[in-house]
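# Reading the structure
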Amino acid sequence: MDTDNPKIKKAFRTAVKAWNKPQIVKLIWTDHRSNANVIVNSGDLSSSASQPNVGYVTSQLGSTQTSYNPDYHTMIKATSTLDANQLAYVNDQFRAHVAEHELGHALGLAHAPEYEHSVMVPRNIRTGITKQDIKTLRMMYR
Ligand SMILES: [Zn+2]
């Protein structure tokens, strides 16, 4: 956790609990940055929007950069960022859903097609993590 913003911290804590709940992955908080596979923080995404988005998966309110080991298809590191300004006046639940979406990317999930019931549909993150998302996660981590 690389932010002091209490709203963003709460959102990521809620999102980690939600992804851990089906007991497929177990995300553990660490105080040691070098041990972390996923770094979560807050930032101003509006300033980076004009720059090339290579390697970034963005949903305006949040962004996740990932790097994978191409030999083993395993994640090396991911950084998920929530835009603290844009998320300042939304409710806790919505903010947590944005964090769930971004952590989904950090776990290796791509965007889901619009017709699916999934937190990974960028315009439909209000659904939160669905059975479909848990199914996808299980296929990836079994
Ligand atoms: Zn996304």
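In case you missed it, the structure is sitting above this.
This section reports on the structure supplied with the text. The structure displayed is predicted, hence computed values, not measured ones.

Once that is clear, we can look at the overall build of the protein. In terms of regular secondary structure, the protein is built from 3 helices and 4 strands. Along the protein, helices and strands appear, N-terminal first, in the series α-β-β-β-β-α-α. In the protein, which comprises 142 residues, the share counted as buried stands at 37%. Summed over its atoms, the accessible surface of the protein is roughly 8800 Å², and 50% of this surface lies on carbon and sulfur atoms.

With that out of the way, let us pick up helix H1 (residues 6–20). End to end, H1 covers 21 Å across 15 residues, agreeing with the expected 21 Å (1.5 Å per residue, within 8%). Among all positions in H1, only Ile8, Ala11, Phe12, Ala15, Val16, Trp19 and Asn20 are buried. All buried residues of H1 lie within an arc of 160 degrees about the axis, which places them on one face of the element. Exposed residues pointing more than 90 degrees away from the buried face of H1 are listed as Pro6 and Lys17. A distance of 2.9 Å separates the backbone nitrogen of lysine 7 from a side-chain oxygen at the start of H1, and that oxygen is part of asparagine 5.

Turning our attention to the packing of aromatic side chains. All chains considered together, the criterion is met by 0 aromatic pairs. Positioned above the aromatic ring of tryptophan 29, the side-chain terminus of arginine 13 is 5.0 Å from the ring centre.

Taking 1.5 Å of rise per residue, 15 residues should cover 21 Å, and helix H2 (residues 92–106) covers 21 Å from first to last C-alpha, within 8% of that figure. With respect to burial, H2 is a largely interior element, 13 of its 15 residues being buried. Just downstream of H2, glycine 108 is the residue with a positive phi angle, here 105 degrees.

A separate point is the nonpolar core. Among the nonpolar cores identified, the biggest contains 26 residues, and Phe12, Trp19, Leu82, Val98 and Leu103 are the most heavily contacted of them. For this core, the secondary-structure elements that each account for two or more residues are H1, strand E4 (74–83) and H2. If one sorts the elements of this core by residue count, H1 sits on top with 6 residues.

Scanning the model with the defined rule gives 4 salt bridges in all. A salt bridge links aspartate 2 to arginine 33, with the nearest nitrogen and oxygen atoms 2.6 Å apart. With aspartate 2 in the segment before H1 and arginine 33 in the loop between H1 and strand E1 (38–43), the pair connects residues that are 31 residues apart, well separated along the chain. With a relative accessible area of 38%, aspartate 2 lands in the partly exposed category. Measuring nitrogen to oxygen at the nearest pair gives 2.7 Å for the salt bridge that ties aspartate 92 to lysine 10.

Moving on to the side chain of threonine 64. Within the element layout of this structure, threonine 64 appears in strand E3 (residues 62–69). Within the local environment of threonine 64, its side chain forms a polar contact with the side chain of serine 80, the two groups lying 3.0 Å apart. In this structure the side chain of threonine 64 is engaged in a polar contact, spanning 2.7 Å, whose partner is the side chain of glutamate 102.

About the criteria used
Residues numbered from 1 in each chain as written. Predicted model: local features only at pLDDT ≥ 70, side-chain atom pairs only at ≥ 80, totals over all residues. Heavy atoms only, no water. Helix = DSSP H or I, 4+ residues; strand = E, 2+ residues; numbered from the N terminus. Buried < 20%, exposed > 50% of the residue type's maximum accessible area, 1.4 Å probe, protein only. Areas by Shrake-Rupley, 256 points an atom, 1.4 Å probe, with all protein chains shown as cover. Expected span 1.5 Å × (residues − 1). Arc of directions from axis to C-beta. Polar contact = N/O pair within 3.5 Å; in protein donor to acceptor, adjacent residues only side chain to side chain. Phe/Tyr/Trp six-rings, centres within 6.5 Å; stacked < 30°, edge-to-face > 60°. Lys NZ or Arg CZ within 6 Å of the ring centre and 35° of its normal. Core = buried A, V, L, I, M, F, W, Y, C linked by side-chain atoms within 4.5 Å. Salt bridge = Lys/Arg side-chain N within 4 Å of Asp/Glu carboxyl O.

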